[in-house]
Amino acid sequence: MNLSIQDNRMWGSSYMQGSNPLQDSGSGECQTCKNRKYQDGSDEMVSFKSAAHIPASAAASVVRSHEQEHVTNAYNKASTQNGKVLNASVSLRTAVCPECGRTYVSGGTTETQIKYFNEDNPYQQGLKSADRAKYSGMNIDYAV
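Residues numbered from 1 in each chain as written. Predicted model: local features only at pLDDT ≥ 70, side-chain atom pairs only at ≥ 80, totals over all residues. Heavy atoms only, no water.

### Here's the deal with the environment of C30
Heads up, the rule is: A helix here means a DSSP run of H or I that spans at least four residues, while a strand means a run of E at least two residues long, and both kinds are numbered starting from the N terminus. Remark: exposure states derive from per-residue accessible area (1.4 Å probe, protein chains only) relative to the maximum for the residue type, with buried under 20%, exposed over 50%, and partly exposed in between.
Positionally, C30 belongs in the loop between α1 (21-25) and α2 (31-35). Classification of C30 by relative accessible area gives buried; the value is 2%.

Structural data, given as structure tokens:
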């Protein structure tokens with residue numbers, strides 16, 4: 001559940017200290033930013049299974065949307081397999097382009113915890129009966 005970056009940097013490019021590659025090229029992105037590709041590294045069926053370019057201006061929303069696909073998959077998996085999602089968190093990573101100095105979203109990670117209920121498990125049945133004995137009579141409502 002990890003979207004990471006594939007940087008196709010042009011080593012030995014003509015970028016020199018003191019020059020601005022954005023002004024020199026006249027476009028909105030430097031060569032490194034133009035060649036940056038994102039690819040999903042998980043085994044789930046989500047977007048970005050093959051590397052694709054995302055403009056730096058749209059990277060945050062696209063990566064966030066992609067990571068939300070993993071959260072949705074976790075909830076779907078939990079609902080079909082008698083489970084409950086205990087925790088789902090998404091974190092985005094940022095980096096700085098070495099060529100133009102622009103900060104961009106370099107990837108994201110989704111962490112999920114799912115608790116599965118197995119009523120057929122003898123251990124689970126033993127826990128239920130122990131809890132029943134332990135908690136019975138703890139809460140009593142007295143009528144006046």
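Continuing now.
### Things to note about the pairing of strand β4 (residues 83-96)
Quick reminder of the rule: Should DSSP find at least two bridges between two strands, the strands are taken to pair.
Alignment of β4 against strand β5 (residues 103-116), held across 13 bridges, turns out to be antiparallel. Bridging from a neighbouring strand, K84 pairs with K115 of β5. Between β4 and β5, which pair antiparallel one after the other, the connecting turn spans six residues, and G101 there sits at a positive phi close to 80°.

### Concerning the state of the cysteines
Test applied: Cysteine sulfur atoms are paired as a disulfide whenever they come within 2.5 Å of each other.
The final tally for this structure, using the stated rule, is zero disulfides. Summary of cysteine pairing: C33 is not part of a disulfide, and the nearest cysteine sulfur, belonging to C30, is at 3.6 Å. We note that C100 lacks a disulfide partner, and the nearest cysteine sulfur, in C30, lies 3.6 Å from it.

### Some points on the environment of S61
The cut-off we apply is this: Counted as a polar contact is a pair of N or O atoms within 3.5 Å, where, for protein atoms, one must be capable of donating a hydrogen and the other of accepting one, and residues adjacent in sequence contribute only when both atoms are in side chains.
Within the secondary structure layout, S61 lies in helix α3 (residues 59-80). Classification of S61 by relative accessible area gives partly exposed; the value is 43%. C-alpha separation for the pair S61 and V105, spaced 44 residues apart in sequence, amounts to 9.3 Å. At a separation of 3.2 Å, a polar atom in the side chain of S61 contacts the main-chain carbonyl oxygen of A58.

### Quick notes on the pattern of salt bridges
Stated formally: In the sections that follow, a salt bridge refers to a side-chain nitrogen of Lys or Arg positioned within 4 Å of a carboxyl oxygen of Asp or Glu.
Counted according to the given criterion, the structure contains one salt bridge. A salt bridge links D40 to K49; the nearest nitrogen and oxygen atoms lie 2.8 Å apart. K49 sits in the partly exposed class, given a relative accessible area of 32%.

### Observations regarding the packing of aromatic side chains
As a reminder, the rule being used: Under the pairing criterion, centres of Phe, Tyr and Trp rings, with the six-membered ring standing for Trp, must be within 6.5 Å; the plane angle then separates stacked pairs below 30 degrees from edge-to-face pairs above 60, leaving the rest tilted. For a lysine, the NZ atom is tested; for an arginine, the CZ atom; a charge sits over a ring if that atom is within 6 Å of the ring centre and within 35 degrees of the ring normal.
Scanning the entire structure with this criterion turns up zero aromatic pairs. Positioned above the aromatic ring of Y104 is the side chain of R36, whose terminal nitrogen or guanidinium carbon lies 3.5 Å from the ring centre.

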